[in-house]
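Descriptive analysis of the structure
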Amino acid sequence: MIFNLPTDSQIPRVGIIGAGFSGTMVLANIVAKAKGPLHIELFEKGESLASGIAYGTNDASHLLNVRAANMGAFGGKPTDFYEWLQTDAGKEQTAAICPQQPIEKHSFLPRMLYGAYLKAIYEQAMITAKEKDIEIHVHHGQVIDAELTDPETQQLLLSVSKGGIVKEVLVDALVLATGNLPPRRFSFQ
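The present account deals with the structure reproduced in this document. All of these numbers come straight from a predicted model, not from anything done at the bench. (Residues numbered from 1 in each chain as written. Predicted model: local features only at pLDDT ≥ 70, side-chain atom pairs only at ≥ 80, totals over all residues. Heavy atoms only, no water.)

1. Overview of the overall build of the protein
- Of the regular secondary structure elements, the protein holds five helices and seven strands.
- The order of α-helices and β-strands along the protein, N terminus first, is β-α-β-α-α-α-α-β-β-β-β-β.
- With respect to the principal axes defined by its C-alpha atoms, the protein has extents near 55 × 55 × 30 Å.
- Looking at the protein residue by residue over its 189 residues, the buried ones come to 39%.
- Pairs at least 24 residues apart make up 65% of the contacts formed inside the protein by residues separated by at least 6 positions.
- Of the roughly 11,500 Å² of accessible surface on the protein, a fraction of 53% belongs to carbon and sulfur atoms.
- Of the charged side chains in the protein, 16 are positive and 20 negative; the average position of the first set lies 9 Å away from that of the second. (Helix = DSSP H or I, 4+ residues; strand = E, 2+ residues; numbered from the N terminus. Buried < 20%, exposed > 50% of the residue type's maximum accessible area, 1.4 Å probe, protein only. Contact = heavy atoms within 4.5 Å. Areas by Shrake-Rupley, 256 points an atom, 1.4 Å probe, with all protein chains shown as cover. Lys, Arg positive; Asp, Glu negative; His and termini not counted. Charge placed at Lys NZ, Arg CZ, Asp CG, Glu CD.)

Following this line, the structure appears as structure tokens:
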């Protein structure tokens, strides 16, 4: 990822639209790679963070379509999810979500359990951010507009709507992590 961030003394401000799988992983990776102070503005139109639609189900019968040992969320770490399942937090979530499910490398586990893993990644990113002097502001609302404020600085002014109230947030770089669009019927006329 290459961001056009300010080079003066101003602390860079990165916006991430979407806080499901993609937004959570962008957040975690930016926090992990940041070398100095940073402000991150995270926008999610729903109330739930980290799991998104794909892993936010409350039904343990909705299963992943990939084996546990290959579901790591980080590039180059395919076993990360399976390893997390072996931790105290992973065992606690497994006991709560699918107590009768054997946890094997080849298991197809509940999507809900993977959502718990993503929430653990999000929570760790928040802890690491504090340690690295990174401010993260979470905005529950829908970004309805982005306007380039100055072609030289490339800053964007985002309009965020929630409950009929619109507020504006200025960012130096923007990541769109909005996920898949809902299915729709095509017209074959």
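2. A short note on the packing of helix H1 (residues 21-33) against helix H5 (residues 111-131)
- One way to put it is that H1 packs onto H5 with a least axis distance of 9 Å and a crossing angle of 30°. Our classification of the angle between H1 and H5 gives roughly parallel. For the element pair H1 and H5, the recorded crossing hand is left-handed. Here Phe 21, Thr 24, Met 25, Leu 27, Ala 28 and Val 31 of H1 lie close against H5, whose contacting residues are Tyr 114, Leu 118, Ile 121, Tyr 122, Ala 125, Thr 128 and Ala 129. (Axes fitted to C-alpha atoms, helices over the stretch in contact; angles between N-to-C directions. Parallel < 35°, antiparallel > 145°, perpendicular 65-115°, else oblique. Left-handed = near helix turned anticlockwise from the far one by under 90°.)

3. A word on the packing of aromatic side chains
- Tallied over the entire structure, the rule returns seven aromatic pairs.
- With centroids separated by 6.4 Å and ring planes inclined at 20°, the aromatic side chains of Phe 81 and Trp 84 adopt a geometry described as stacked. Residue Phe 81 and its partner Trp 84 are both found in helix H3 (residues 80-85); the two are separated by three residues, about one turn of the helix. Trp 84 carries the same exposure label as Phe 81, and that label is buried.
- Pairwise contacts between aromatic rings join Phe 21, Tyr 55, Phe 81, Trp 84, Tyr 114 and Tyr 117 into one cluster.
- Sitting over the ring of Phe 74, Lys 77 keeps its end group 5.4 Å from the ring centre. (Phe/Tyr/Trp six-rings, centres within 6.5 Å; stacked < 30°, edge-to-face > 60°. Lys NZ or Arg CZ within 6 Å of the ring centre and 35° of its normal.)

4. Examining the packing of helix H4 (residues 88-97) against H5
- Where H4 meets H5, the closest approach of the two axes is 10 Å, and the angle between their N-to-C directions is 150°. On the basis of the axis angle, H4 is roughly antiparallel to H5. H5 is crossed by H4, and the crossing has right-handed handedness. Here H4 contributes Gln 93, Thr 94 and Ile 97 to the contact with H5, which in turn contributes Met 112, Leu 113 and Ala 116.
- Classifying every residue of the contact of H4 with H5 by side-chain character gives four nonpolar, two polar and no charged. (Nonpolar A, V, L, I, M, F, W, Y, C, P; charged D, E, K, R; others polar.)

5. Describing the pattern of salt bridges
- With the rule as written, the count across this model stands at two salt bridges.
- A salt bridge links Glu 41 to Arg 13; the shortest N-O distance between them is 2.4 Å. Residue Glu 41 is located in strand S2 (residues 38-44), and its partner Arg 13 is located in strand S1 (residues 13-17); the two are separated by 28 residues in the primary sequence.
- Classification of Glu 41 by relative accessible area gives buried; the value is 3%.
- Given a relative accessible area of 23%, Arg 13 falls into the partly exposed group.
- One salt bridge in this structure joins Glu 47 and Lys 162, with 3.3 Å as the shortest N-O distance. In this pair, Glu 47 is assigned in the loop between S2 and helix H2 (52-55) and Lys 162 in strand S5 (residues 155-162), connecting sequence segments 115 residues apart. (Salt bridge = Lys/Arg side-chain N within 4 Å of Asp/Glu carboxyl O.)

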